[in-house]
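Below, each chain spelled out in residue letters.
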Protein chains: 2
Amino acid sequence: VLNNKQWLVLNNCEFRLKVDSKEWFSDFRYLIGIMTGTSADGVDISLGKFSGSKLQEFTAELVEFQSFEFPASLKKLIELAIKNEARTREIAKLNFDLAYFFAKCVRSFLRKAKFPLKKLDAVAVHGQTVWHQPKSNNLGKNGFTLQLVSLSALTQLLKVPVVGDFRSKDVAVGGEGAPLVPIFDYNFLFSRKCDVITINIGGIANITYLPKDCKLSDVVAFDTGPGNTWIDGAMRILFGRNYDKDGETAKKGKLNKILLEKLKSNPFVAKAPPKSTGREEFSEKELRQIIKFCNENSIKDVDIVTTLTHFTAWSIAENIKRFANPNANIIVSGGGARNLFLLQLLKEYIQQNSSFEFKIFEPPEAKESFAFAFLGYLRMGGIASNIPNVTGARENISLGIIAT
Amino acid sequence: VLNNKQWLVLNNCEFRLKVDSKEWFSDFRYLIGIMTGTSADGVDISLGKFSGSKLQEFTAELVEFQSFEFPASLKKLIELAIKNEARTREIAKLNFDLAYFFAKCVRSFLRKAKFPLKKLDAVAVHGQTVWHQPKSNNLGKNGFTLQLVSLSALTQLLKVPVVGDFRSKDVAVGGEGAPLVPIFDYNFLFSRKCDVITINIGGIANITYLPKDCKLSDVVAFDTGPGNTWIDGAMRILFGRNYDKDGETAKKGKLNKILLEKLKSNPFVAKAPPKSTGREEFSEKELRQIIKFCNENSIKDVDIVTTLTHFTAWSIAENIKRFANPNANIIVSGGGARNLFLLQLLKEYIQQNSSFEFKIFEPPEAKESFAFAFLGYLRMGGIASNIPNVTGARENISLGIIAT
């Protein structure tokens, strides 16, 4: 199916600063993946066991998973940074504070997992996205993106190679720098027998569409719009809670059609892929304007949550109908997979043919951190991991840099 | 003199992500060093040729040197960041804009030098310091520092290994993250016959004191206070020029003793090393207060420049007298070495015994970028480069991370 030689492009540096690939691929490798999403509620840590050196011959096992909440001071600093209100000093502090905090989390995680630090081959860390403005969102000018955590500090504190900054190289050569999980989906969730769609519902929602028996260049993946971000935001603002547990609040309310039509006018949903978004576009500021509109039109608080949940489900389904295939096996992951009402609506909006499956990745929150551990595994072996068709980058790149 | 085994400590990672040291040290290596100081006027680029694998057996040759001015928009963004007025988006943009700009400069530099990119072994980049707050300046709490330039973007654009972020590891384990040039001084400016002091006058001034035939652990090095920062600032504010060419403005004025006494009360000068500072302490804001004081006391503009030049010379000399040895061979570098009036005052304040030499490093501006090329050479070979006695770090570290 795929020309392996074409795929196994190593970084074409004159002097190759990389692990000897043969040595790296000679044994099982254990990597930790650290993911912090746009929701800024905490950090997800996966320990993965990987082997293999060729596309679709890799193996991956999720050994352990745990989430850690951010301390209040760190969460506050992250929120400030994401809202574009952090200044130089705060960005510098946050960059190091994340390293100090992650180092502590990793040690605690490994103690609980009874897994010695010395057995760990590397840590792959996504970093906290505080800004993401690729070329396409920058009027065609040079793009930029910023995932915070000092890789130097983290490797110095843990004495383990740290792979990070996965999005920057792709953005530097004209790509969206996102989505990056499709390479994981293509390797582990692909099917020769039927189309597969993976949906990840984090702060932002995204899908990977893997047509039956497809080649890597046939993979389609993009952000669909909001995931939990507006539902969580509305719960915080209107009910003082962090999220809508099991979707119970949304279930109690009524759909407001005027509000739904208004939300549907958002141009991002209908935009053709490749596309990526972040909390810049689906911001708390915009949410507050929506809530203001609702208050002026006497829309009940509970109905706001219900309607935002409808909009979220609709926007994912609409993207699947327009740009993928609603009659595919569907695998849902991310914290949003725990919102039962959202899942029910998603099924209804997709109107999937009953012969197809609708499954949950278990545990749903682990997928992204697990996938980044795999991206770290690929970087350590010098294997390319972006999909130029997906990100729009001009080059095929082994994403991330290795700090030691 | 020195136990080489003790010195050649490699990063003690379980899985060593490094160039094979044997291979790296098997031939001459060409590295570019890119330095941008706190004065934010432009970027200095050195091409160095290095060999050797052991302390004091290294060779270094400066092949080519060139300075590039920052475009106005970039300079503005840097100034904003240094003044702690840049926000998240601006920091993210600056981080990438520096990479795009440096990549362009490196290509132009190499064309002019007729040196092919393919022959280059690595680029060592200091990055633009926009914040530096080590443990000692942070009430004993965890330190942090931020040198901007996306290493990922730069290596992707140049297809050459990029070594950078030299200060973070040292800061992460309790060090000042500065000064880092002493390892260069110890290797190339050391003498078995007499004491040597190197003085670098950039935005901030610093010295390295190398007692005769000393061991690495005997090296003393620290920031002495302002270099050109206040002189340049006063020239800009009062005369609309970027700097005091050859010190001609300062030469015309008169020393104001009241102002000098006021300046001498700055506590940084008398503080015992290890100590480091930046534009946080010797800021434009403070300079504007000094100028305001002068205006209120009818001190002439030209006399302000003269007195600031006296203060700068005095603060360097005072540090040499208190914490080093005025009767050492002295080697001055940095843009400040072109300020003839400053050099004359410096000699007078030091009151050096006439049997000692007072030399200029040629060209004086090249030293820091050349030294960082050497730090990159050491990192590529996995050799430690901080001096714990100098920075105060708890660990001996091969500074920097290698992006490929």
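Refer to the structure above for everything that follows.
Reading the values: rules and limits
- Residues numbered from 1 in each chain as written.
- Chains lettered and ligands numbered in written order.
- Predicted model: local features only at pLDDT ≥ 70, side-chain atom pairs only at ≥ 80, totals over all residues.
- Heavy atoms only, no water.
- Helix = DSSP H or I, 4+ residues; strand = E, 2+ residues; numbered from the N terminus.
- Buried < 20%, exposed > 50% of the residue type's maximum accessible area, 1.4 Å probe, protein only.
- Polar contact = N/O pair within 3.5 Å; in protein donor to acceptor, adjacent residues only side chain to side chain.
- Contact = heavy atoms within 4.5 Å.
- Salt bridge = Lys/Arg side-chain N within 4 Å of Asp/Glu carboxyl O.
- Nonpolar A, V, L, I, M, F, W, Y, C, P; charged D, E, K, R; others polar.
- Least-squares fit on C-alpha atoms with pLDDT ≥ 70 in both.
- Axes fitted to C-alpha atoms, helices over the stretch in contact; angles between N-to-C directions.
- Parallel < 35°, antiparallel > 145°, perpendicular 65-115°, else oblique.
- Pairing = 2+ DSSP bridges.
- Expected span 1.5 Å × (residues − 1).

Student: I tried to follow the environment of Lys-22 of chain A on my own but got confused; where do I start?
Tutor: Examined against the element boundaries, Lys-22 of chain A turns out to sit in helix α2 (residues 21–24). Each C-alpha atom, one on Lys-22 of chain A and one on Val-43 of chain A, is 33 Å from the other, the two residues being 21 residues apart in sequence.

Student: What exactly am I supposed to notice about the side chain of Gln-133 of chain A here?
Tutor: Of note, Gln-133 of chain A is situated in strand β5 (residues 128–133). Owing to a relative accessible area of 10%, Gln-133 of chain A belongs among the buried residues under this scheme. In this structure the side chain of Gln-133 of chain A is engaged in a polar contact, spanning 2.8 Å, whose partner is the side chain of Trp-131 of chain A. Sequence-distant contacts of Gln-133 of chain A, defined by excluding residues within four places in its chain, comprise Asn-138, Gly-143 and Phe-144 of chain A together with Arg-89 of chain B.

Student: Help me understand the interface of chain A and chain B in this model?
Tutor: Interface size is commonly expressed as the accessible surface area that is lost when the partners come together. Counting residues at the interface gives 61 residues for chain A, matched by 62 residues for chain B. Counting every contact that joins chain A to chain B gives two salt bridges. The tally of links from chain A across to chain B stands at 22 residue pairs in polar contact (both at pLDDT 80 or more). When residues in the side of chain A that touches chain B are grouped by element, the largest group, eight residues, is from helix α4 (residues 88–113) of chain A. Per-class residue counts for the side of chain A that touches chain B are 29 nonpolar, 17 polar and 15 charged.

Student: Any chance you could explain unusual backbone geometry here in plain terms?
Tutor: What you tend to see is this: most non-glycine residues have negative phi, and most peptide bonds are trans. For the bond running from Ala-178 of chain A to Pro-179 of chain A, omega is -15°, close enough to zero to count as cis. By the element assignment, Pro-179 of chain A lies in the loop between α6 (168–172) and α7 (182–188). Here Pro-273 of chain A and Pro-274 of chain A are connected by a cis peptide whose omega angle stands at 5°. Even without being glycine, Lys-114 of chain A reaches a positive phi, approximately 50°. Within the secondary structure, Lys-114 of chain A sits in the loop between α4 and β4 (122–125). Judged by its relative accessible area of 76%, Lys-114 of chain A is exposed. Residues other than glycine seldom take positive phi values, yet Asp-213 of chain B does so here, at roughly 55°. Examined against the element boundaries, Asp-213 of chain B turns out to sit in the loop between β9 (204–210) and β10 (220–226).

Student: Got a minute to help me understand the relation of the copies chain A and chain B in this structure?
Tutor: The transformation that overlays chain A on chain B combines an axial shift of 0.0 Å with a rotation of 180°, and the residual RMSD is 0.1 Å. Taken together, the rotation and translation describe the operation of a two-fold axis. For chain A, the minimum C-alpha distance to the rotation axis belongs to Arg-87 of chain A and amounts to 2.3 Å. In this assembly the copies share their binding face: 100% of the residues contributing to the interface of chain A also contribute to that of chain B.

Student: How do you make sense of the packing of helix α8 (residues 229–239) of chain A against helix α13 (residues 301–323) of chain A when you look at a structure like this?
Tutor: How two helices sit against one another is set out by the angle between their axes and by the gap between those axes. All names here are of chain A. At a closest axis distance of 9 Å, the pairing of α8 and α13 adopts a crossing angle of 175°. What the angle tells us is that α8 and α13 run roughly antiparallel. Contacts from Trp-230, Ile-231, Ala-234, Met-235, Leu-238 and Phe-239 of α8 reach α13 at Asp-301, Val-302, Ile-304, Val-305, Leu-308, Thr-309, Phe-311 and Thr-312. Split by residue class, the contact of α8 with α13 holds 11 nonpolar, two polar and one charged.

Student: Help me out: how do you make sense of the pairing of strand β4 (residues 122–125) of chain B in this one?
Tutor: The side chains of a regular strand alternate between the sheet's two faces. All names here are of chain B. Residues of β4 alternate between two faces, with Ala-122 and Ala-124 on one and Val-123 and Val-125 on the opposite face, all of them buried. Bridging between strand β1 (residues 29–35) and β4 involves four bridges; their strand directions are parallel. Note that in β4 the partner of Ile-34 across the bridge is Val-125. Pairing geometry for β4 and strand β7 (residues 162–164), over three bridges, is parallel. Bridge pairing links Val-125 to Gly-164 in β7.

Student: Help me understand helix α14 (residues 367–380) of chain B, please; the structure alone is not making it clear to me.
Tutor: Turn by turn, an α-helix covers 3.6 residues, leaving residues three or four places apart pointing in a common direction. Residues and elements named next belong to chain B. Relative to the 20 Å expected for 14 residues at 1.5 Å per residue, α14 spans 20 Å between its end C-alpha atoms, a close match to the ideal helical length. Most of α14 is tucked away, with 14 of its 14 residues classed as buried. Of the residues flanking the end of α14, it is Gly-382, one or two places downstream, whose phi is positive at about 75°.

Student: Mind showing me how you'd approach helix α3 (residues 72–82) of chain A here?
Tutor: Among the residues of α3 of chain A, Leu-74, Leu-77, Ile-78, Glu-79, Ala-81 and Ile-82 of chain A are the ones counted as buried. Remark: Asn-84 of chain A follows α3 of chain A within two positions and exhibits a positive phi of approximately 65°.

Student: Would you mind showing me how to read the sheet that holds strand β11 (residues 329–333) of chain B here?
Tutor: Two orientations exist for strands paired in a sheet by backbone hydrogen bonds: parallel and antiparallel. Residue and element names in this part refer to chain B. Here we have five strands laid out as an open sheet, ordered β10-β9-β8-β11-β12, and mixed in their pairing. Only two strands of the sheet have a single neighbouring strand rather than two, namely β10 and β12 (358–360). Between one strand axis and the next, the sheet turns by 20° as a mean value, whatever way the strands run. Where helix α13 (residues 340–350) meets the sheet, its contacts fall on β8 (196–201), β11 and β12, and the angle it forms with β12 comes to roughly 155°.

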